[in-house]
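Listed here are the chains, written in short residue letters.
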Amino acid sequence: MIVVKFGGSSVRFELPSAVELTERLWDAGDVVVVVSALKGVTDALLGLARGEERLDRLVGLHREHAERHGVEPSVLSPIFGELEGVLAGREKFPCGEAFTDRVLSFGELLSARIFAEALKRRGLSARIVEPWELLVTDGNFGDASVDLKVSAGNVSLVEEVLDAGEIPVVPGFVGGFNGMVTTLGRGGSDYTASVLGRLLGWRVLIVSHVDGIYTADPHRVVSARLIPFVSRGEALVASRLGMKALHEKAVSAGAEILLAGIRNWNVGTVVGERSSGIPVVVHRVDGESAVISVVGVDSVPGWDARVRWEGGVPYVSLRVPRARLGSYLVRIHDAVTGGLFDVRAFPSRAGGELSVSA
Ligand SMILES: Nc1ncnc2c1ncn2[C@@H]1O[C@H](COP(=O)(O)OP(=O)(O)O)[C@@H](O)[C@H]1O
Ligand SMILES: N[C@@H](CC(=O)OP(=O)(O)O)C(=O)O
């Protein structure tokens, strides 16, 4: 039994693989699917809410995506009709933030519809579960937190779908508060999955373009290596300091999280009790400078930086010019991993011990 979450890159660029993985997991046991909006769509919806984006571009993008994957585009028409109504009725919302959140929620609603239809095309039964019915939030528009106690009472909405032999497809990133839609913060679909994992008592599989958590962003540091086990404390600090592979709130929700790549389905990292004791180099941009932090160490050889602690996890941070972020990342990564980190001493991925199964 597993909650599987597909990120924006996976649903936009690797939909057949995501659907096939879901089918394999479903063959092995119960599955709940959580999807993000197609990559780039949440930003486009933000533009739409601000009057800076055209609706027809979004309609075209989704219709084309549906068609490419054998899904009849007209299934999306009622959702676009609803979005048009929302855009025309801005004054009905109590505040601008409530309007924006409602508009943003359409990205996940559209991708869930396409995903559910794609599952049906493979002969599987699937049903969308309304996320605002399932996850009750604190009403903090744009960055809402889920009330776990209250939401626990709604898990039956997922169980009913499973009992009917159907795969529940839950649009991520969205919850509800007093009849209004609230979003859970950018990147918040991980959080949706983790909350569902916690409420159901199931493990969570986060599937994205990367196989797991690396010693640094693998798109920036070619020598970065996968870390098989990352403790919740380490993951929390790393995501808070800018590590993009996993949302901070997803870690806090407390479920055991497996991270896997969409192309090979290998589980590269497990986030839970265990730690591999390997540092993670993370970064975030802050205006004209960038802050590089190394999580899991109390010093960086050759750099004068003060150690800080959070939840028993040490880390050091260094501010560098933004324009030189790339070269600093490589230098710092190699300084902290070079001596202590013999790649051969660690399995390159936890997949050797753990396979993706429900
Ligand atoms: N330490 C890290 N380990 C793994 N990925 C990282 C790390 N730091 C940043 N990232 C970034 O996190 C992103 C997560 O994958 P992505 O495919 O963008 O997610 P999604 O499927 O949700 O769109 C990758 O683009 C990767 O470059
Ligand atoms: N679509 C939302 C939520 C999300 O989690 O997306 P992704 O899984 O693509 O990071 C966002 O862009 O913020």
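This is a predicted model, so every value here is computed, not measured.

(A) Helix α13 (residues 325–337), seen in detail. Given a rise of 1.5 Å per residue, 13 residues ought to cover 18 Å, and the 18 Å separating the end C-alpha atoms of α13 matches this to within 8%. The set of residues buried in α13 consists of L325, Y328, L329, I332, H333, V336 and T337. The buried residues of α13 occupy one face: seen down the axis, they fall within an arc of 135°. Buried positions along α13 lie against β11 (280–286), β12 (289–295) and β14 (313–321).

(B) Summary view of the packing of aromatic side chains. Under the counting rule described, the total for this entry stands at 3 aromatic pairs. Between F6 and F115, the ring centres sit 5.4 Å apart and the planes meet at 25°, which makes this aromatic pair stacked. One end of the pair, F6, is in strand β1 (residues 2–6); the other, F115, is in helix α6 (residues 96–121), and 109 residues separate them in sequence. Both residues of the pair, F6 and F115, belong to the buried class. The ring of F229 has R274 lying over it, and the distance from NZ or CZ to the ring centre is 3.9 Å.

(C) Focus on the packing of helix α2 (residues 15–28) against α6. As a packed pair, α2 and α6 sit with axes 10 Å apart at the nearest point and diverge in direction by 60°. Taken together, the axis directions place α2 and α6 in an arrangement best described as oblique. As α2 runs across α6, the sense of the crossing is right-handed. Of the residues in α6, those touching α2 at L15, A18, V19 and T22 are I114, F115, A118 and L119. A class-by-class count of the residues in the contact of α2 with α6 yields 7 nonpolar, 1 polar and no charged.

(D) Expanded view of the site of ligand 2. Neighbouring ligand 2 are the residues K5, G7, G8, S36, A37, T42, E108, F173, R186, G187, G188 and S189. At 2.6 Å, a side-chain N or O of S36 approaches an oxygen atom of ligand 2. Here ligand 2 occupies the largest pocket. Its residues assigned to classes, the shell around ligand 2 shows 2 nonpolar, 7 polar and 3 charged.

(E) Region of the structure containing the UniProt feature "domain: Aspartate/glutamate/uridylate kinase" (unreviewed entry) in the protein. The positions UniProt marks with the feature "domain: Aspartate/glutamate/uridylate kinase" (unreviewed entry) are residues 1–253. Counting secondary structure, residues 1–253 comes out at 49% helix and 14% strand; the distance between its end C-alpha atoms is 18 Å.

(F) Representation of the site of ligand 1 within the structure. Close to ligand 1 lie 18 residues, the nearest being S9, H209, Y214, D217 and H219. Between ligand 1 and Y214 there is a distance of 2.9 Å, counted from a nitrogen atom to a backbone nitrogen or oxygen. Within the side chain of D217, a nitrogen or oxygen atom sits 2.6 Å from an oxygen atom of ligand 1. For ligand 1, whose free accessible area comes to 560 Å², the fraction covered by protein is 85%.

(G) How the structure looks around the sheet that holds strand β10 (residues 267–272). Here we have 8 strands laid out as an open sheet, ordered β3-β4-β2-β1-β7-β9-β10-β8, and mixed in their pairing. Both edges of this open sheet fall to β3 (126–128) and β8 (229–231), since each of them pairs with a single strand only. Sheet twist, expressed as the mean angle between neighbouring strand axes with direction ignored, is 25°. Sheet topology note: the β1/strand β2 (residues 31–35) ladder contains 5 bridges and is parallel. Residue pairing across strands places V4 opposite V33, the latter belonging to β2. The strands touched by α2 are β1, β2, β4 (167–171) and β7 (203–208); relative to β1, the strand with the most contacts, the crossing angle is about 180°.

The rules behind these values
- Residues numbered from 1 in each chain as written.
- Chains lettered and ligands numbered in written order.
- Predicted model: local features only at pLDDT ≥ 70, side-chain atom pairs only at ≥ 80, totals over all residues.
- Heavy atoms only, no water.
- Helix = DSSP H or I, 4+ residues; strand = E, 2+ residues; numbered from the N terminus.
- Expected span 1.5 Å × (residues − 1).
- Buried < 20%, exposed > 50% of the residue type's maximum accessible area, 1.4 Å probe, protein only.
- Arc of directions from axis to C-beta.
- Contact = heavy atoms within 4.5 Å.
- Phe/Tyr/Trp six-rings, centres within 6.5 Å; stacked < 30°, edge-to-face > 60°.
- Lys NZ or Arg CZ within 6 Å of the ring centre and 35° of its normal.
- Axes fitted to C-alpha atoms, helices over the stretch in contact; angles between N-to-C directions.
- Parallel < 35°, antiparallel > 145°, perpendicular 65-115°, else oblique.
- Left-handed = near helix turned anticlockwise from the far one by under 90°.
- Nonpolar A, V, L, I, M, F, W, Y, C, P; charged D, E, K, R; others polar.
- Near = heavy atom within 4 Å.
- Polar contact = N/O pair within 3.5 Å; in protein donor to acceptor, adjacent residues only side chain to side chain.
- 1 Å grid on protein atoms, 1.4 Å probe; cavity = no way out; pocket = protein on both sides within 12 Å on 5 of 7 lines; lining within 4 Å.
- Sits in = over half its atoms within 2 Å of the grid points.
- UniProt positions renumbered as here; feature names shortened; annotations may be inferred.
- Areas by Shrake-Rupley, 256 points an atom, 1.4 Å probe, with all protein chains shown as cover.
- Pairing = 2+ DSSP bridges.

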